[in-house]
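Remarks on the overall topology
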Amino acid sequence: MMRRPVDVGDPDRLYTVTGGRSRSDGSSFDLVTLIVAECEPSVGQQSEHARILELCRHPTAVVEIAAELSLPVTVVRILLEDLLATGRITPRHPRVAASAALPDSALLTEVLHGLRNL
C-alpha cells in the first residue's frame, strides 16, 4: 500500500487562497471548534469563503470544513479568521468539564474492585 502525503494541495493555489499568509494570527480555532454562519454568501465573495458559509449553516467542526474543502487545516483557519473579522461566522468552543462534575475517586475505586470481582 502506497501512502500519499497529507497536504497534496497546489502551493500556488494555497498561497492565492490565503492572500500569501502562511499562519493564522491567533489561536481562535482548534479542530473541534464548531463554526456557525451568521449570513448567506454574497456575490463576489471568494469561493472558499462562500463554501464555508454554505457548509456552516448548521454547526460544523473546523476539521470537517477542512475535509469538505480538501484544504489543510492551517489554510482553513486563515479563511475562518477572515470571516470572523467581518462578523460572518460565530465560533462555538467546546465546553470544558468542570472539576466538580468528575466522579469521586473512592467511587471509581469501588467500581474497579467490582469489575475485578466479576
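Below is a short write-up of the structure. Computed from a predicted model, the values in this text were never measured in an experiment.

Here's the deal with the sheet that holds strand β1 (residues 34–37)
Taking strand neighbours across the sheet as the criterion, the three strands line up as β2-β1-β3 in an open arrangement whose pairing is antiparallel. The sheet terminates laterally at β2 (60–61) and β3 (89–92), the two strands that pair on one side only. Two strands pair when backbone bridges link them, and β1 and β2 are joined in this way by two bridges, in the antiparallel orientation. Pairing of L34 across the sheet is with A61, part of β2.

Re the pairing of β1
Within a regular strand, the side chains alternate between the two sheet faces. Of the strand pairs in this sheet, β1 and β3 are connected by four bridges, and their pairing is antiparallel. What sits directly across from I35, in β3, is P91.

The rules we used
- Along each chain, the written sequence defines residue order, and numbers are assigned to residues from 1.
- At least 70 in pLDDT is required for a residue's local features to be given in this predicted model, at least 80 for side-chain atom pairs to be given and counted, and no such filter applies to totals for whole chains, interfaces and linings, which use all residues.
- Side-chain metrics rest on all non-hydrogen atoms present in the structure, leaving aside hydrogens and water.
- By the convention used here, strands pair only if DSSP detects at least 2 bridges between them.
- Secondary structure counts use DSSP, requiring at least four H or I residues in a row for a helix and at least two E residues in a row for a strand, with both numbered from the N terminus.

Geometric values such as these leave the question of function open.
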